[in-house]
Amino acid sequence: MIIYIIFFFLLAIPTVALTRSRRAAWYMAFLIFLISALRYNVGWDYETYFEWAFNGLNSYMEMSMEPLSKGMLDIALYSGEPQTFFVMSSAVVVGLFSYSYIRCSPLPTLSILGFFCLPLLFLVSLAIVRQSMAAAVVFFALTVLEKRHISALVLLLLAGLLHYSAWIALLFWPFLRWFERPVSTTWYVAAMAIGPMISTILVGIIEPYLLLYSGHLEKDGTSGLQLILLYYLFAFLILYLRHCCATLPTRQLNFFMLGVVMLGTGGVINEVVGRLAYYFLPFAALLLPACIAKIKPHIYVRLLTLSTLGILLIMQIYIAGQNPEKDPYRPYQLYPGWISL
């Protein structure tokens, strides 16, 4: 736990002192990249990917894995250094998310810190590698390329070659202009309330068409409930601040609320279905600066925000450590093949 607290303070200091500095934000992004790229046996699937990068894929995964992810594993395999895969995947995840936040956020260092601390953002990328790479590409397409619809479409197609679930974003591509339109709080709240109630019907409709993922659609109503409630609370707070004092970017708010509704709808089935929300929840770290920008006094509001983010980070690490099978984040170790502690 101590090492993560140290990481947090290394990232929090420039967030307080240099909130608008893009140079400081890139320093933070590089540190997060190193944390991800040089980790050893950190994350749920680290051992599996390391084995694939060391010995190659088995016949089933050879046929079913997405081509771009398979290509990255092949590069690591042929290089003779399995850790190369985690360096490449970290460059995709941290690089694209960070560039998008630094390019689009009014307070880039706060957005980078939010990416590091908020649930289901950076820490989950250590555990769900392929989908996190796809989510980074989708987020880049929907933020940096928001006005270039054809370029965004190409990237959404490429994202699916990293993880097939990313093609869920293609369903919304024809309606991108709709996300520019303001939506009333009543409609947001109604969607959040109705989503969990229609989840069983939704599964019944789509399951026959997703045979490859049918095993993931088995009901597990207790999975991820705490995270659903947390994001619902965060969504209500954002909506309250929008009503009181904050001017929020409409497109970013709509995509974030879409993610919250998808999390509530899919997460009550099981955690795997809820992962479809991971493509839109990263907008939370863009909305965070907009939410607090006009609340005064600025320094106290930012310190309170940083304290809350630190608590959320510690809570995630603590809760993950209660799993009897494996603590995915502790102990944090650097890859011994390159660095001796």
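You'll find the structure just up there.
Keep in mind that this is a model prediction, so the values were computed, not measured.

1. Things to note about the packing of aromatic side chains
- Here the structure, examined in full by the defined rule, presents 34 aromatic pairs.
- Judged by centre distance (6.4 Å) and plane angle (45 degrees), the rings of Trp 26 and Tyr 99 are tilted. With Trp 26 in helix H2 (residues 22-37) and Tyr 99 in helix H6 (residues 83-104), the pair connects residues that are 73 residues apart, well separated along the chain.
- On the basis of relative accessible area, Trp 26 is assigned to the partly exposed category, the value being 38%.
- An aromatic cluster is built from Phe 97, Tyr 101, Phe 115, Phe 116, Phe 122, Phe 139, Phe 172, Phe 179, Phe 255, Phe 280 and Phe 283, whose rings are joined through pairwise contacts.

2. Looking at the nonpolar core
- If you look at the biggest cluster of nonpolar residues, it comprises 115 residues, and the most contacted ones within it are Phe 85, Tyr 231 and Phe 256.
- For this core, the element with the highest residue contribution is helix H9 (residues 129-143), accounting for eleven residues.
- Those residues within four positions of Phe 85 in sequence are excluded, and the remaining contacts are Tyr 49, Ala 53, Ser 69, Met 72, Leu 73, Ala 76, Val 129 and Met 133.

3. Description of the pattern of salt bridges
- According to the stated counting rule, one finds seven salt bridges in the structure shown.
- Linking Glu 47 and Lys 326 is a salt bridge whose minimum nitrogen-to-oxygen distance equals 3.6 Å. Residue Glu 47 is located in helix H3 (residues 46-55), and its partner Lys 326 is located in the segment after helix H16 (298-320); the two are separated by 279 residues in the primary sequence.
- A salt bridge links Arg 251 to Glu 180, with the shortest nitrogen-to-oxygen separation between them at 3.2 Å. Of the two residues, Arg 251 sits in helix H13 (residues 250-267) while Glu 180 sits in the loop between helix H10 (149-160) and helix H11 (185-206), which places them 71 residues apart along the sequence.
- A network of salt bridges, in which partner residues are shared, links Glu 62, Lys 70 and Asp 74.

4. Quick notes on the packing of helix H5 (residues 67-79) against H6
- Following both chains from N to C, one finds H5 and H6 inclined at 140 degrees, their axes separated by 8 Å at the closest point. For the element pair H5 / H6, the angle class is oblique. With respect to the hand of their crossing, H5 and H6 are arranged in right-handed fashion. Taking contact as the criterion, the partners of Ser 69, Met 72, Leu 73, Ile 75, Ala 76 and Ser 79 in H5 are, on H6, Thr 84, Phe 85, Met 88 and Ser 89.
- Its residues assigned to classes, the contact of H5 with H6 comprises six nonpolar, four polar and no charged.

5. Brief notes about the side chain of Thr 109
- Structurally, Thr 109 can be placed in helix H7 (residues 108-117).
- Thr 109 gets classed as buried once you look at its relative accessible area, which sits at 0%.
- A distance of 3.4 Å separates the side chain of Thr 109 from the backbone oxygen of Leu 18, its partner in a polar contact.
- Filtering out sequence-adjacent residues up to four positions away, Thr 109 remains in contact with Pro 14, Thr 15, Leu 18, Thr 19, Ser 21, Ala 24, Ala 25 and Met 28.

6. Overview of the environment of Leu 157
- Mapped onto the elements of the fold, Leu 157 is located in helix H10.
- Among the residues examined, Leu 157 registers a relative accessible area of 40% and is labelled partly exposed.
- With near-sequence residues (within four places) excluded, Leu 157 lies in contact with Trp 167 and Leu 170.

7. Focus on the packing of H2 against H7
- Where H2 meets H7, the axes come as close as 8 Å, and the angle between the chain directions of the two elements is 20 degrees. It follows from the interaxial angle that H2 and H7 lie roughly parallel. The crossing of H2 and H7 is left-handed. In this structure, H2 contributes Arg 22, Ala 24, Ala 25, Met 28, Ala 29, Ile 32 and Ile 35 to the contact, and H7 contributes Pro 108, Thr 109, Ile 112, Leu 113, Phe 115 and Phe 116.
- Across the contact of H2 with H7, the residue classes break down as eleven nonpolar, one polar and one charged.

Conventions used here
Residues numbered from 1 in each chain as written. Predicted model: local features only at pLDDT ≥ 70, side-chain atom pairs only at ≥ 80, totals over all residues. Heavy atoms only, no water. Phe/Tyr/Trp six-rings, centres within 6.5 Å; stacked < 30°, edge-to-face > 60°. Helix = DSSP H or I, 4+ residues; strand = E, 2+ residues; numbered from the N terminus. Buried < 20%, exposed > 50% of the residue type's maximum accessible area, 1.4 Å probe, protein only. Core = buried A, V, L, I, M, F, W, Y, C linked by side-chain atoms within 4.5 Å. Contact = heavy atoms within 4.5 Å. Salt bridge = Lys/Arg side-chain N within 4 Å of Asp/Glu carboxyl O. Axes fitted to C-alpha atoms, helices over the stretch in contact; angles between N-to-C directions. Parallel < 35°, antiparallel > 145°, perpendicular 65-115°, else oblique. Left-handed = near helix turned anticlockwise from the far one by under 90°. Nonpolar A, V, L, I, M, F, W, Y, C, P; charged D, E, K, R; others polar. Polar contact = N/O pair within 3.5 Å; in protein donor to acceptor, adjacent residues only side chain to side chain.

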